[in-house]
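What follows is each chain in one-letter form.
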Amino acid sequence: MKLKIYSDQSNSIIFEKNITNEILNNYEININEENFTELFETELLSDILDENNINSSEVYYELN
């Protein structure tokens, strides 16, 4: 699946990354879990935002 992070101001993509099963496994996240979105946001997405100095209040994301 592909993660796209967009800027709130310009609605343009500022970050893209393929989220592989290996990445999900590293975070012990299973796509079939009931609370997948919550786990994804609090664990993986949070780390990606931190690592790339992206302010979470200025962006939104899409996961396909």
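On a predicted model such as this, the values are computed, not experimentally measured, just so you know. (Residues numbered from 1 in each chain as written. Predicted model: local features only at pLDDT ≥ 70, side-chain atom pairs only at ≥ 80, totals over all residues. Heavy atoms only, no water.)

Chemist: Residues and numbers for the side chain of Ser-7, please.
Modeler: By the element assignment, Ser-7 lies in strand β1 (residues 2–7). For Ser-7, the side chain forms a polar contact with the main-chain nitrogen of Ser-10, separated by 3.4 Å. In contact with Ser-7, not counting residues within four places along its chain, are Ser-12, Ile-14, Glu-58, Val-59 and Tyr-60. (Helix = DSSP H or I, 4+ residues; strand = E, 2+ residues; numbered from the N terminus. Polar contact = N/O pair within 3.5 Å; in protein donor to acceptor, adjacent residues only side chain to side chain. Contact = heavy atoms within 4.5 Å.)

Chemist: Describe the sheet that holds strand β2 (residues 13–18), and please don't skip the residues or the numbers.
Modeler: Pairing within the open sheet is antiparallel, and its 3 strands lie in the order β2-β1-β3. In the strand order of this sheet, the two ends are held by β2 and β3 (59–63), each with one partner. Strand-to-strand twist across the sheet, computed as the mean angle between neighbouring axes with direction ignored, equals 15°. When β1 meets β2, the two strands line up antiparallel, connected through 5 bridges. Residue pairing for β2: Tyr-6 is matched across the bridge by Ile-13. Strand contacts of helix α2 (residues 36–51): β1, β2 and β3, with the helix running at about 120° to β3, the strand carrying the most contacts. (Pairing = 2+ DSSP bridges. Axes fitted to C-alpha atoms, helices over the stretch in contact; angles between N-to-C directions.)

Chemist: Summarise the pairing of β1; cite the residues concerned and give the values.
Modeler: Taking the residues between adjacent antiparallel strands as the criterion, β1 and β2 are bridged by 5 residues, where Asn-11 takes a positive phi near 60°. Here 5 bridges tie β1 to β3, and the two strands are oriented antiparallel to one another. Directly across from Ile-5, in β3, lies its bridge partner Tyr-61.

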